[in-house]
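For reference, the chains in residue letters:
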Amino acid sequence: MQTLSKIASLLTKYIGLIIICFSVLAFFWCDGFAWTTNYTSVFLGVAMFGMGLTIHMGDFKVVFTKPKEVIIGFIAQYTLMPVIAWLLATVFHLPADIALGVILVGCCPGGTASNVITYIAGGDVALSVGMTIASTLAAPLMTPLLVYLLAGAWVEVSFFGMMISVVKVVLIPVLLGILLRWMIGEQIEKISGILPLISVVSIVMIISGIVAVNAEKILTSGFVVLGIVILHNLAGMGLGLLASRLFQVEYSKATAIAIEVGMQNSGLAITLATANFAANPFATLPGAIFSVWHNISGSLFASIRRSGNEAEADGILSETVS
């Protein structure tokens, strides 16, 4: 069990690199991964269930003990990222499928990877988890509503259809995981070290499958989508950081907010595109590329913020000594 825990920790830490490796493999060996798209909803449900298993009831206290930071993160999550996505789609006159995919990513809650990246960055992990919980539990209403409002100019959006999808693949699995943790917490604690494996494997399978079935599309549109995804992600993290500074949020909490805002649950965007927009096959592409990119940018951002955190700590220590 200890060995598995170490492996899980290593895989979680380097999830960005793992996603890149599997995406490249899926691109060149399409037949080996294309089958996974038939189980996209299942994989995401499993990942969300795994997330639920890692949530302690005490984690909800963060929402009440740090309401200012949670509210800033929540509002930024559901305003900045959707609006940036809509602006990019409008300004660059994106095709309907790609515009829909970008907006889907922007309207999703924060992803579980943000908690790992926040940890690596030396940010406030408890706050990160609290914001992820808040945005995820609100997703059944917020995500369909925002997609309905922002993507309606490009495609027909079924608000209730999307809401049912989010409830099925996000809310129910997360709540079941939380409930199971509450009922048999001691037993779950014994395997807590390997729980991240569930989410890592599930997300890697989702992305690899989408890359496999979209290999040709990636060749024709991949660079354009990558450029849009990079702008979207960096703008989200940058504005999340700016919002934190405007409200005078301390360094470690600002780090958590910026990462939470910039890193989306792109697996949900892929699942929603697959389940609700079958007539727009390209709509899955932004979510797949975002999944790869935001882990790379998140890791780089984490390194920068961790260095700044250490420098700040050294400065405080020097002042104390003097």
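Up top is the structure.
So, here's what we can say about the structure. (Residues numbered from 1 in each chain as written. Predicted model: local features only at pLDDT ≥ 70, side-chain atom pairs only at ≥ 80, totals over all residues. Heavy atoms only, no water.)

### Concerning the overall build of the chain
- Of the regular secondary structure elements, the chain holds 17 helices and zero strands.
- Considered along the principal axes of its C-alpha atoms, the chain spans approximately 65 × 45 × 35 Å.
- In the chain, buried positions account for 53% of the 322 residues.
- Sequence-distant contacts in the chain: of pairs separated by 6 or more residues, those separated by 24 or more amount to 86%.
- Carbon together with sulfur atoms contributes 71% to the accessible area of the chain, which is approximately 14,400 Å² in total.
- When the 13 positive and 15 negative side-chain charges of the chain are each reduced to one mean point, those points stand 5 Å apart. (Helix = DSSP H or I, 4+ residues; strand = E, 2+ residues; numbered from the N terminus. Buried < 20%, exposed > 50% of the residue type's maximum accessible area, 1.4 Å probe, protein only. Contact = heavy atoms within 4.5 Å. Areas by Shrake-Rupley, 256 points an atom, 1.4 Å probe, with all protein chains shown as cover. Lys, Arg positive; Asp, Glu negative; His and termini not counted. Charge placed at Lys NZ, Arg CZ, Asp CG, Glu CD.)

### With respect to the side chain of Ser-208
- Residue placement: Ser-208 occurs in helix α13 (residues 195–213).
- Taking relative accessible area as the criterion, Ser-208 reaches 1% and is therefore assigned buried.
- Not counting chain neighbours up to four residues away, the residues in contact with Ser-208 comprise Phe-22, Ser-23, Ala-26 and Phe-33.

### Quick look at helix α9 (residues 113–121)
- Turning to α9, its buried residues are Ala-113, Ser-114, Asn-115, Ile-117, Thr-118 and Ala-121.
- Phi turns positive one or two residues past the end of α9, at Gly-122, with a value near 75°.

### Digging into a nonpolar patch on the surface
- On the surface, Met-57, Ile-172, Leu-176, Leu-179, Leu-180, Trp-182, Met-183 and Ile-184 cluster together into a nonpolar patch covering about 760 Å² of accessible area.
- Looking at the element boundaries, Met-57 is found in the loop between α4 (40–53) and α5 (61–65).
- Taking relative accessible area as the criterion, Met-57 reaches 45% and is therefore assigned partly exposed. (Patch = residues over 30% accessible without salt bridge, like charges linked within 9 Å, V, L, I, M, F, W, Y side chains within 5 Å. Salt bridge = Lys/Arg side-chain N within 4 Å of Asp/Glu carboxyl O.)

### Considering unusual backbone geometry
- Even without being a glycine, His-93 presents a positive backbone phi close to 50°.
- Relative to the elements of secondary structure, His-93 occurs in the loop between α7 (80–91) and α8 (96–106).
- Of note, the phi angle at Gln-248 is positive, near 55°, even though the residue is not glycine.
- Note that Gln-248 resides in the loop between α14 (215–246) and α15 (251–262).
- The exposure class of Gln-248 is exposed, given its relative accessible area of 72%.

### A short note on the pattern of salt bridges
- Evaluation of the coordinates by the stated rule reveals two salt bridges.
- Across the pair Lys-253 and Asp-124 runs a salt bridge, and its minimum N-O distance is 3.7 Å. A residue pair is termed long-range when its members are at least 10 positions apart, and Lys-253 in helix α15 and Asp-124 in the loop between α9 and α10 (125–151) qualify at 129 residues.
- Overall, Lys-253 belongs to the buried group, its relative accessible area being 11%.
- A salt bridge links Lys-253 to Glu-250, with the nearest nitrogen and oxygen atoms 3.4 Å apart.
- One connected set of salt bridges, linked through shared partners, spans Asp-124, Glu-250 and Lys-253.

### What about the environment of Gly-177?
- Tracing the backbone shows Gly-177 in helix α11 (residues 159–183).
- Along the sequence, Gly-177 and Leu-141 sit 36 residues apart, while their C-alpha atoms lie 20 Å from each other.
- The residues contacting Gly-177, other than those within four sequence positions of it, are Phe-49, Gly-52 and Leu-53.

### Looking at the side chain of Ser-202
- Among the structural elements, Ser-202 can be located in helix α13.
- Judged by its relative accessible area of 3%, Ser-202 is buried.
- What Ser-202 contacts, discounting residues up to four positions off in sequence, is Phe-43, Val-46 and Ala-47.

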